[in-house]
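The lines below spell out each chain.
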Amino acid sequence: MPAMSDTTAPALLTILRYPDPRLHTVAQAVAAVDERIRALVERMFATMYDANGIGLAATQVDVHERLIVIDVSEERQQRLVLINPEVEWASPETRKGDEGCLSVPGIYDGVERSVAIRVRALDEQGNSRVIEADGLLAVCIQHEMDHLMGKVFVEYLSPLKRNRIKSKLVKAERDARR
Ligand code: GNR
Ligand code: NI
């Protein structure tokens, strides 16, 4: 019999929602880029694409290891995997742009970020790579690296705004459960 191609889609993961305290966990380095990590990468991409996001940090799916998946392309076929990412350089020039987050659904607000960055990370083969980014990709990488440090973008907003967002999401969660 000819070999059948495996068309099974990776199982989706549950995305934690603010103000879930687990979003503030600081991630540990990935010890080895192995099959366990590659399987997690596949599930994270499936989860990110399903949610129409441009990035997803492992923290958001309750895995506290330094792993990020990103795809900022319109066509949704330019996968970028960052394992144990470290910022080598961030431009002193910053710009304020609206951000959203899959863990903070329906909320968009301005955050100041470096306009360009250089990051070193391992890819899913375990090879070290340097990524130079500007524009949306630079914003996305900074947003995802914050998640790995336990930081959610609403923490850059005023306490007043943050508390309003918190109440709104707690209420939405309560209504969804009724
Ligand atoms: O899908 C996302 N869009 C987005 C838009 C502006 C700035 C950052 C982002 S990241 C976000 C997905 C997400 O929550 N990643 O952690
Ligand atoms: Ni996010």
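It should be emphasised that the depicted structure is a prediction, and the values quoted were computed from it without experimental measurement. (Residues numbered from 1 in each chain as written. Chains lettered and ligands numbered in written order. Predicted model: local features only at pLDDT ≥ 70, side-chain atom pairs only at ≥ 80, totals over all residues. Heavy atoms only, no water.)

1. Observations regarding the pairing of strand 3 (residues 80-90)
- By the bridge criterion, 4 bridges tie strand 2 (residues 67-70) to strand 3 in an arrangement that is antiparallel. Directly across from Leu-67, in strand 3, lies its bridge partner Ile-83.
- Pairing geometry for strand 3 and strand 6 (residues 116-122), over 5 bridges, is antiparallel. Across the sheet, the residue bridging to Ile-83 is Leu-122, located in strand 6. (Pairing = 2+ DSSP bridges. Helix = DSSP H or I, 4+ residues; strand = E, 2+ residues; numbered from the N terminus.)

2. What to know about the site of ligand 1
- The environment of ligand 1 is made up of 13 residues, and the closest members are Ile-54, Gln-60, Leu-102, Glu-144 and His-147.
- Between ligand 1 and the protein, one listed contact pairs an oxygen atom with a backbone N or O atom of Leu-102 at 2.8 Å.
- Between an oxygen atom of ligand 1 and a side-chain N or O atom of His-147, the distance comes to 2.9 Å.
- For ligand 1, the accessible surface in isolation is 380 Å², of which the surrounding protein chains cover 88%.
- Listing elements by their share of the shell around ligand 1, those giving two or more residues are strand 4 (94-99) and helix 2 (135-148). (Near = heavy atom within 4 Å. Polar contact = N/O pair within 3.5 Å; in protein donor to acceptor, adjacent residues only side chain to side chain. Areas by Shrake-Rupley, 256 points an atom, 1.4 Å probe, with all protein chains shown as cover.)

3. Brief notes about the side chain of Asp-123
- As for its position among the elements, Asp-123 is in the loop between strand 6 and strand 7 (128-134).
- Within the buried core, Asp-123 has no salt-bridge partner, and the shortest N-O distance to an opposite charge, that of Arg-129, equals 5.0 Å.
- Among the polar contacts listed, one links the side chain of Asp-123 to the backbone nitrogen of Gln-125, at a separation of 2.8 Å.
- With near-sequence residues (within four places) excluded, Asp-123 lies in contact with Val-33, Val-81, Ile-83 and Arg-129. (Buried < 20%, exposed > 50% of the residue type's maximum accessible area, 1.4 Å probe, protein only. Lys, Arg positive; Asp, Glu negative; His and termini not counted. Salt bridge = Lys/Arg side-chain N within 4 Å of Asp/Glu carboxyl O. Contact = heavy atoms within 4.5 Å.)

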